Amino acid sequence: VGIHEVPQGEPAKAPPVLQHLWSSLRVGRDGTLVALGGGTTTDVAGFAAATYMRGIDWVPVPTTLVGQVDAAIGGKTAVDLPGGKNLVGSFHWPARVVVDPALLETLPAVERRNGLAEVVKTGLLAGERLWELSEHDQVRRCAAFKGAVCLRDPHDRGPRKQLNLGHTFAHALEAAAGYSLPHGEAVALGLLAVLRLSGLDDERRTVEKLLRPERPHVDRAVAWQALQRDKKAAGGTPRLVLLDAPGKPRWGVELPEDDVRAALEG
């Protein structure tokens, strides 16, 4: 049994961290890797488990709201490259996910706000005001929604794509900011962008009121390049998730470049 620490936040998902995990693990193919931490920890630990000895079991124990409502659910694992987020990864379903809302009792306010962005995203997809529930019920309902979507489409070839609502823009902004932009802040900005493109002004105002994101000081040209390199893009053209209405997502949407650029620039 060994304990291995990774950096806090997005630096955990750097390839050298993954290399260190590969070199440090001392388990056989019948072993299990337990990932205790936030979404970036479960991302890199899950990918280490997926690739070490061609795959060992792993169990995420998410300790953040982001992790409990989203990141630790569904078996997606990945690390980042300088040009974009989650560009190297795999689908590796955990043996189980241990979600204990009591772990959130000491969570800082900024991390709760990060998680709330994912709760709002899930509520928009489900067509339910999940953000009005207690935190315990937010965790339960969001995890159940994502789990059901992922089980229907385990390899992200259809309905699971809806879970990227707002994330194409978010990942581009995070990359342009050198991953210094908090994930929840980036998701909130991404939601504003897609709601603008979807023509849903009421929902846009809801996001602004709940999450109050501030525009980051990033080079929009760099963000646009990251958007074109997004793993869901086709021939450099971003493919987006939009909403016809709350609870009615459309994915794989291609729009004129000027419209997408305008949404990215806010």
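For the structure, see preceding data.
Source: prediction; values computed, not measured. (Residues numbered from 1 in each chain as written. Predicted model: local features only at pLDDT ≥ 70, side-chain atom pairs only at ≥ 80, totals over all residues. Heavy atoms only, no water.)

### Digging into the overall build of the chain
Convention followed: Runs of H or I in DSSP of at least four residues are treated as helices and runs of E of at least two as strands, each being numbered from the N terminus. Shrake-Rupley sampling with a 1.4 Å probe provides the accessible areas, and residues are treated as covered by the protein chains on show and by no other component. Note on charges: Lys and Arg go in the positive column, Asp and Glu in the negative column, and His and the chain ends are not counted at all. To locate a charge, take NZ of a lysine, CZ of an arginine, CG of an aspartate or CD of a glutamate.
The number of helices and strands found in the chain is ten helices and six strands. When its C-alpha atoms are laid out on the principal axes, the chain stretches across 55 × 40 × 35 Å. For the chain, the accessible surface area stands at approximately 12,400 Å², while carbon and sulfur atoms represent 51% of it. Between the centroid of the 32 positive side chains of the chain and the centroid of its 32 negative side chains there is a distance of 4 Å.

### Here's the deal with the pattern of salt bridges
Heads up, the condition is: Whenever a carboxyl oxygen of Asp or Glu lies within 4 Å of a side-chain nitrogen of Lys or Arg, that contact is scored as a salt bridge. With a 1.4 Å probe rolled over the protein chains alone, any residue whose accessible area is under 20% of its type maximum counts as buried; one over 50% counts as exposed, and the rest are partly exposed.
In total, this model carries 20 salt bridges according to the counting rule given. Note that Glu135 and Arg112 form a salt bridge whose closest N and O atoms lie 2.5 Å from each other. In this pair, Glu135 sits in helix α5 (residues 135–152) while Arg112 sits in helix α4 (residues 109–126), placing the two residues 23 residues apart along the sequence. The exposure class of Arg112 is partly exposed, given its relative accessible area of 25%. Taken together, the shared-partner salt bridges in this structure form one network comprising Glu10, Lys13, Asp43, Asp80, Lys85 and Glu174.

### Looking at helix α1 (residues 15–24)
To keep it simple, the criterion reads: Working note: the arc is built from the helix axis to C-beta atom directions. In this description, contact between two residues means that some pair of their heavy atoms is separated by no more than 4.5 Å.
Within the sequence span of α1, burial applies to Val17, Leu18, Leu21 and Ser24. Down the axis of α1, the sector holding all buried residues measures 130°, keeping them to one side. Looking at the buried residues of α1, the elements they touch are α2 (39–51) and β3 (76–81).

### So, the nonpolar core
Side chains of a nonpolar character, in soluble globular proteins, are inclined to be buried together. This is how the line gets drawn: Think of a nonpolar core as a cluster: buried Ala, Val, Leu, Ile, Met, Phe, Trp, Tyr and Cys residues, connected wherever their side-chain atoms sit within 4.5 Å.
Counting 52 residues, the largest nonpolar core has Val120, Leu124, Leu165, Phe169 and Val207 as its most contacted members. Here the element with the most residues in this core is helix α7 (residues 183–198); it accounts for nine residues. Discounting chain neighbours no more than four positions away, the residues touching Val120 are Trp131, Leu191, Val207, Leu210 and Leu211. If you look at the next biggest cluster of nonpolar residues, it comprises 17 residues, including Val44, Ala45, Phe47 and Ala48.

### What about unusual backbone geometry?
For Met53, which is not glycine, the phi torsion reads 55° and is therefore positive. Tracing the backbone through its elements, the reader meets Met53 in the loop between α2 and β2 (57–62).

### Some points on the packing of helix α6 (residues 167–176) against α7
Describing two packed helices takes the angle between their axes plus the distance from one axis to the other. As a reminder of what qualifies: To obtain an axis, a line is fitted to C-alpha atoms, over the contacting stretch when the element is a helix, and the angle between two such axes runs from 0 to 180 degrees between their N-to-C directions. To sort the angles, those under 35 degrees are grouped as roughly parallel, those over 145 as roughly antiparallel, those from 65 to 115 as roughly perpendicular, and the leftovers as oblique. Here a crossing is taken to be left-handed if its near helix is turned anticlockwise relative to the far helix by less than a right angle, and right-handed if that turn runs clockwise. Each residue is assigned to one class: nonpolar for Ala, Val, Leu, Ile, Met, Phe, Trp, Tyr, Cys and Pro, charged for Asp, Glu, Lys and Arg, and polar for all the others, Gly among them.
It is at 7 Å that the axes of α6 and α7 come closest, and there the two elements cross at 135°. The pairing of α6 with α7 is recorded here as oblique in orientation. Handedness of the crossing formed by α6 with α7: right-handed. From α6, His167, Phe169, Ala170, His171, Leu173 and Glu174 reach across to α7, where they touch His183, Ala186, Val187, Leu189, Gly190, Ala193, Val194 and Leu197. Looking at side-chain class alone, the contact of α6 with α7 contains nine nonpolar, four polar and one charged residues.

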